[in-house]
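# Coordinate analysis (summary)
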Amino acid sequence: MSVETLDAQPRTVSVVSWKTPIIFAVVTVLFSLLPVIVPRPGDATFRFSAGSDLFTLPDLVVPGTATAWICIVILAVVTVVSVVLSRQRRAVPLWLIAVFVVVLVFGFLAWAAAGSSGTLPMVGLLGGALALATPLIFGALGGVIGERAGVVNIAIEAQLLAGAFSAAVVGSLTGTPWAGLIAAMVAGVLVALVLGVFAITYYVDQVIVGVVLNVLVIGVTTFLFRQVLAPNQATMNTVTPFAPIPIPLLGDIPVLGPILFRQTIVVYLMYLVVFAVWFGMYRTRWGLRMRAVGEHPQAADTVGINVARTRYMNVMIAGAIAGMGGAFYTLVSVPRFNPEMTAGAGFIALAAVIFGKWDPIKATLAALLFGFASNLQGVLSVIGSPVPSQFMLMLPYVVTIFAVAGLVGRSRPPAADGDPYIKS
């Protein structure tokens, strides 16, 4: 065979990412230090039933230290499997990452709750995680839509905060939370429209515009709170929140019923929005055009797709969805607006977008993970866990760093994400 023939043959280069096995190994070693340095004698009790379930599930009682060591062994096995897969130039599957996370969480909870006077209320833990994750999910879905269309949405925080403020004011003045929810969506659209004007029409750097919008909305809402809402608390900042609506039969299912089906209308809308975004993105013409302008806007333009109009439309849809997430703060969580009450949730939602590889379902699961990490700090402090409160306060952000650093492997954004399209 000649040299020319060899050169003409296609060559395949496989890129192997060792980030996931390395993170598995580091987390396993760190977790194994807990029962060695701080042994926890006694049992851990997990409670899975609420008072109004169709039938009562028995409590799960496990020896804390022994369960932790069993989980450490399982984590070590999963780590070895991930190393073998990487050596074979194969990607670590998502289900294996899920197994690692579930086993790690169960082992950690068993160790932390061992010998404590309290019982781990799993329904409360998971239900609280869903409540904390709901605005993150709305924000993450808005981020997925915007970035799939080619616009980096750093302004999720601004859209959440503007939605919370508008929902509180309009809901208080009208006396109905439905008007507040609509006002929150409108506020999110207005913030997104400003982002679109500067990023799409005037080609300003999208990251800079997003950061400026975050600072602007924080300043404006804080000023209006002090000058307008605080002096008129009773009339302009006292909202009638949405009441929980239990779904018959489904709400009585043990564990899942109280968590998923005894929620407010905003949470039920979140279920519908997640499905609608996933279905629309992968099964409709709208989704196809959105992904086209985010991957290759010039090719989309050549087949007759108006790139600017498509990006504008999707950025505003993303803003409306993020605004709904902001409404959750003042129409469900706390029936009033407080300055900077989103507390950086928009940036964690942005991390969920990256963690979820710009996919609506994966981004939703990532937001649920962050919500669980946030709620865990409160539950462990109630049962008297030896874990310092400062560590639990930073836990959601540690999870965010690990997620973005590569726990999910290689993440590739849409090819034209952040690039302005100048029609030639």
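The preceding data block contains the structure.
The present account deals with the structure reproduced in this document. Residue numbers here run from 1 along each chain, matching the order of that chain's written sequence. Selection of residues for local features in this predicted model requires a pLDDT of at least 70, selection of side-chain atom pairs for listing and counting requires 80 or more, and totals for whole chains, interfaces and linings are taken over all residues. In computing side-chain values, all of the structure's heavy atoms are included and hydrogens and water are not.

## Focus on the pattern of salt bridges
The term salt bridge refers to a pairing of a side-chain nitrogen on Lys or Arg with a carboxyl oxygen on Asp or Glu at a separation within 4 Å. Enumeration over the complete set of coordinates arrives at 2 salt bridges. In this structure, arginine 47 and aspartate 59 form a salt bridge, with 3.6 Å as the shortest nitrogen-oxygen distance. A residue pair is termed long-range when its members are at least 10 positions apart, and arginine 47 in strand β1 (residues 43–47) and aspartate 59 in the loop between β1 and β2 (60–63) qualify at 12 residues. Working definition: with a 1.4 Å probe on protein chains only, accessible area under 20% of the residue-type maximum means buried, over 50% means exposed, and in between means partly exposed. According to the relative accessible area criterion, aspartate 59 is partly exposed, its value standing at 35%. Per the convention used, a helix needs a DSSP run of H or I reaching at least four residues, while a strand needs a run of E reaching at least two, with both numbered from the N terminus.

## Overview of the environment of valine 62
For valine 62, the position within the fold is in strand β2. Here the alpha-carbon distance between valine 62 and glycine 42, two residues 20 residues apart in the chain, equals 8.7 Å. By definition in these notes, contact holds between two residues if any of their heavy atoms fall within 4.5 Å. Those residues in contact with valine 62 that lie beyond four places of it in its chain are Asp43, Ala44, Phe46, Thr67 and Ala110.

## Focus on unusual backbone geometry
Even without glycine at this site, leucine 249 takes up a positive phi of about 70°. By secondary structure assignment, the location of leucine 249 is in the loop between β4 (245–246) and α10 (256–260). What makes leucine 249 exposed here is its relative accessible area of 63%.

## Examining the sheet that holds strand β3 (residues 120–121)
By definition, the strands of a sheet pair up through backbone hydrogen bonds, in either a parallel or an antiparallel sense. What the 3 strands build is an open sheet, ordered β2-β1-β3; its pairing is mixed. Edge strands, defined here as strands with exactly one partner in the open sheet, are β2 and β3. We treat two strands as partners when DSSP finds at least two bridges between them. Here 2 bridges tie β1 to β3, and the two strands are oriented parallel to one another. Counted as the bridge partner of phenylalanine 46 is leucine 120 from β3. Contacts from helix α3 (residues 64–87) reach β1 and β2 within the one sheet, and its direction differs from that of β2 by about 80°. Helix axes are fitted to C-alpha atoms over the stretch in contact, other axes to C-alpha atoms as well, and angles between N-to-C directions run from 0 to 180 degrees.

So, to be careful, I would describe these as geometric facts and stop short of saying anything about function.
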